[in-house]
Amino acid sequence: MVLSDSEIRTAIRNKQLAIQPLGRVNPAGVDLRIDRGVTLKPQQQTLAATIERVELSHKLAGILHIRSSLAREGVIASLALVDPGFRGQLTISLHNAGARPVKLKHGERFIQLSLLRLNTPSHQTYTGKYQDSRGVVASRRRKKSYPRRMERVIHAALGKAAE
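Position labels on residues start from 1 in each chain and follow its written sequence. Thresholds applied to this predicted model are a pLDDT of at least 70 for local features of residues and 80 or more for the giving and counting of side-chain atom pairs; totals over whole chains, interfaces and linings are not thresholded and use all residues. For side-chain calculations, the full set of non-hydrogen atoms in the structure is used, while hydrogens and water are omitted.

(A) Just the overall build of the protein chain, in detail. Every helix listed is a DSSP run of H or I at least four residues long, and every strand listed is a run of E at least two residues long, numbered separately from the N terminus. Looking only at helices and strands, the protein chain has 3 helices and 11 strands in total. Along its sequence from the N terminus, the protein chain presents helices and strands in the succession α-β-β-β-β-β-β-α-β-β-β-β-β-α. Classification of residues uses two cut-offs on accessible area relative to the type maximum, computed with a 1.4 Å probe and protein chains only: under 20% is buried, over 50% is exposed, and between them is partly exposed. Across the 163 residues in the protein chain, those meeting the buried criterion constitute 36%. Any two residues whose heavy atoms approach within 4.5 Å are treated as being in contact. Pairs at least 24 apart in sequence give 70% of the contacts found in the protein chain among residues at least 6 apart. Accessible surface, the protein chain as shown: approximately 9700 Å² in total, 51% of it carbon and sulfur. In short, Shrake-Rupley with a 1.4 Å probe defines the accessible areas, and a residue's cover is counted only from the protein chains shown.

Structure (structure tokens):
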């Protein structure tokens, strides 16, 4: 079941959902804003992050959608499920499949997050490589996953700053 605007506000009050800072709540979702200005040339792809930090409880999942105005200009996005228990900013892959450059201004609404209530709360929550993401996070598909504390130890041993 997709949450309505009133259910989204109730989920926030009941600490099942946190979105900081909270932007525009729509009838069936929340608009998320881009963290920096981007100009996408035709056939160009880039990663962008949301300004908002999202935190879902074990009772909710999220689905991301590109705003229809951007899709009408040729922008397509690689959008994924936001798992129960996810915390952090969201990184979105944007591609301009159109014939003209598309400019997105810092703070512009570019993604909508629809929220789904699970019939039964999940036993597991998200603990993946992108937990607690900040800003744009490149693919970690081939990177071995270590707990954040272990990453700091490894980086310190190698003489590198922690990511």
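Once the structure has been displayed, the description carries forward.
(B) Geometry of the environment of Gly 98. Relative to the elements of secondary structure, Gly 98 occurs in the loop between β9 (87-96) and β10 (102-104). For Gly 98 and Lys 41, which are 57 residues apart along the polypeptide, the C-alpha to C-alpha distance reads 8.6 Å. Those residues within four positions of Gly 98 in sequence are excluded, and the remaining contacts are Pro 42, Gln 43, Glu 73 and Gly 74.

(C) Representation of the sheet that holds strand β8 (residues 81-82) within the structure. Two strands are said to pair when DSSP picks up at least two bridges between them. Ordered in space as β2-β3-β11-β6-β8, the 5 strands form an open sheet in which the pairing is antiparallel. Across the chains shown, the open sheet's two edge strands, defined by having one partner strand only, are β2 (25-26) and β8. Pairing between strand β3 (residues 29-33) and strand β11 (residues 109-117): 4 bridges, direction antiparallel. Paired with Leu 32 across the bridge in β11 is Ile 111.

(D) Highlighting the sheet that holds strand β7 (residues 75-78). Strand order in the open sheet formed by 4 strands is β1-β5-β9-β7, with antiparallel pairing between adjacent strands. Each edge of the open sheet carries a strand with a single partner, namely β1 (17-20) and β7. Taking each pair of neighbouring strands and ignoring which way they run, the sheet shows an average axis angle of 40°. Judged from the 4 bridges that link them, β1 and strand β5 (residues 45-56) form a sheet pairing that is antiparallel. Looking across to β5, one finds that Ala 18 is bridged to Glu 55. Lines fitted to the C-alpha atoms define the axes, with helices restricted to the stretch that makes contact. Angles between their N-to-C directions range from 0 to 180 degrees.

Read these as spatial facts, not as claims about activity.
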